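Architecture and fold: a report
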Amino acid sequence: FYQAQVRTMSKLMLVWLLLIVAVFSGKVFYEKVDMLSGTIIPPLFDFSYASDDQTVSLFGGKLNQTDVSGNLYLISKTNLDAVLVESTANTPSARYDAIFEDIGDSLILFGGVNHSHLFIDVHQLSKSTLEWKQISFTGDKDILARAGAASCVDVKGNGNGSSIYVYGGYHGDTLLSGLASVTIKGDTAVCSAIVPKGEVRPKPLKYATMVCTGNGDLYLFGGANDQTKNVNSFWKFNVYDNEWTQVHAVGSPSPRSGQGMFYDSKLNYIFMFGGEDAEHNYMGMNDLYAFSIDSNTWNFVVPQSTIPKGRLGGLVTSAPSHLSFMVGFGAPQYSKNFYNDVWMGYIS
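These numbers come from a predicted model, not from an experiment.

When the pLDDT values of the protein are averaged, the result is 89; 90% of them are 70 or greater. Looking across the protein, the model is least confident in helix α1 (residues 2–22), with a mean pLDDT of 38, and most confident in strand β8 (residues 113–114), with 98. Note on residues 1–22: pLDDT is under 50 here. Beyond four places in sequence and across chains, it has 4 contacts.

This is how it looks when you write it as structure tokens:
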């Protein structure tokens, strides 16, 4: 009896210690910042952005209810200069809800829509020359024909051989499901559908978000699964095991879509900001959550300053200094009162 009691107490102590480790005691301080250069970026919604350690690149997006941008802006994460890249004959057509990813030496853009027109093309921008070119693709072209999809990238070296993973999105009125990869090989994008093992997998979704952690794991959160409902389902896909696992984590955020997420490799945490609220009435939120991959726990990060306005379809990306990030643009409601503000968040 005594040994059994000791074993029980040991288990309780272990659970207690795990709960202590799981609690993220950080707080977030926000600071509204001004762009230091003469380039003023207009209010944007549903634009696409790609990010590396030093620069975040914004392409396209809605300017208002009718007009769509085809501009590319580069924002320095260190000095907050904003630069408009001059358009050329090879600049992609104006669009919103496209997939846009940084793959090392270049940026890749595909898909997206301009009102009723859905694009089936792939464009590559050289980061050294800032010149666009349209590249060819092989495989299933339907993988490119989507908008509002979740995406993340597994970067290989200078970008050649890097794979962009995409999930869901929409094609007209049809919600899409299924995971696919677009792998860049020289001047060609190889499009491949991924058929996972088993029957456990996410439902069709649009405006979900996904991050790659660099070890073969992809994490997918939230999204809208029809015209009336957002979800807070959380999934992990391992590219080596080729299998989806639903993540049942403690403290899950409320259902949402159009949020932003980024991964912190030093902490092994995923951070998530904002998105559209659970009732799907197009109201943006401004909460920040931290997910510990090690303890499988979500924690609300307590704000200690003025908070950016709630938003969806905006910018959320990590900044160069550890535990800092950028929030900006987007809208408080779908297609209304677009923002062009930029905030820095500092987690302590």
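What follows deals with the nonpolar core. Of all hydrophobic cores here, the largest spans 17 residues; its most connected members are I108, F110, V122, I164, V166, V182 and I184. Mapped by element, the contributors of at least two residues to this core are β7 (106–110), β13 (163–167), β16 (179–185) and β17 (188–194). Ranked by residues supplied to this core, first place goes to β16 with 3 residues. Setting aside anything within four residues of it in sequence, one finds I108 in contact with I99, F100, E101, I103, V122, H123, Q124, I164 and I184.

Working note: non-glycine residues mostly have negative phi, and peptide bonds are mostly trans. Positive phi, normally seen in glycine, also occurs at L130, with a value near 55 degrees. Even without being a glycine, Y207 presents a positive backbone phi close to 60 degrees. Among the residues examined, Y207 registers a relative accessible area of 17% and is labelled buried.

To continue, consider the sheet that holds strand β22 (residues 260–264). Strand order in the open sheet formed by 4 strands is β22-β23-β24-β25, and the pairing between neighbours is antiparallel. Each edge of the open sheet carries a strand with a single partner, namely β22 and β25 (297–300). Adjacent strand axes in the sheet meet at a mean angle of 25 degrees when their direction is disregarded. In terms of strand pairing, strand β24 (residues 284–292) meets β25 through 4 bridges, oriented antiparallel. Bridge pairing in β25 links F291 to W298.

This next bit is on the pattern of salt bridges. Scanning the model with the defined rule gives 7 salt bridges in all. A salt bridge links K62 to D46; its shortest N-O distance comes to 4.0 Å. Taken as a pair, K62 in the loop between β3 (55–59) and β4 (72–76) and D46 in the loop between β1 (27–33) and β2 (48–51) lie far apart in primary sequence, 16 residues in all. We note that K62, like D46, is buried. One continuous salt-bridge network, built from bridges that share partners, spans D52, D102 and K127.

Attention shifts here to the side chain of E276. Summarising the element assignment, E276 is placed in strand β23 (residues 269–276). One buried charged residue, E276, remains without a salt bridge, the closest side chain of opposite sign being K206 at 8.4 Å. Only 2.8 Å separates the side chain of E276 from the side chain of N230, close enough to count as a polar contact. If we skip the residues at most four places from it in the chain, E276 touches N230, P255, R256, S257, Y282, M283, M285 and L312.

Across the sheet, which stays open at both edges, the 4 strands sit in the order β18-β19-β20-β21 with antiparallel pairing between neighbours. Across the chains shown, the open sheet's two edge strands, defined by having one partner strand only, are β18 (209–212) and β21 (243–246). Strand-to-strand twist of the sheet, defined as the mean angle between neighbouring strand axes without regard to direction, takes the value 20 degrees. The pairing of β18 with strand β19 (residues 217–221) spans 4 bridges and is classified as antiparallel. Pairing of V211 across the sheet is with Y219, part of β19.

Scoring rules and cut-offs
- Residues numbered from 1 in each chain as written.
- Predicted model: local features only at pLDDT ≥ 70, side-chain atom pairs only at ≥ 80, totals over all residues.
- Heavy atoms only, no water.
- pLDDT = per-residue confidence, 0-100.
- Helix = DSSP H or I, 4+ residues; strand = E, 2+ residues; numbered from the N terminus.
- Contact = heavy atoms within 4.5 Å.
- Core = buried A, V, L, I, M, F, W, Y, C linked by side-chain atoms within 4.5 Å.
- Buried < 20%, exposed > 50% of the residue type's maximum accessible area, 1.4 Å probe, protein only.
- Pairing = 2+ DSSP bridges.
- Axes fitted to C-alpha atoms, helices over the stretch in contact; angles between N-to-C directions.
- Salt bridge = Lys/Arg side-chain N within 4 Å of Asp/Glu carboxyl O.
- Lys, Arg positive; Asp, Glu negative; His and termini not counted.
- Polar contact = N/O pair within 3.5 Å; in protein donor to acceptor, adjacent residues only side chain to side chain.

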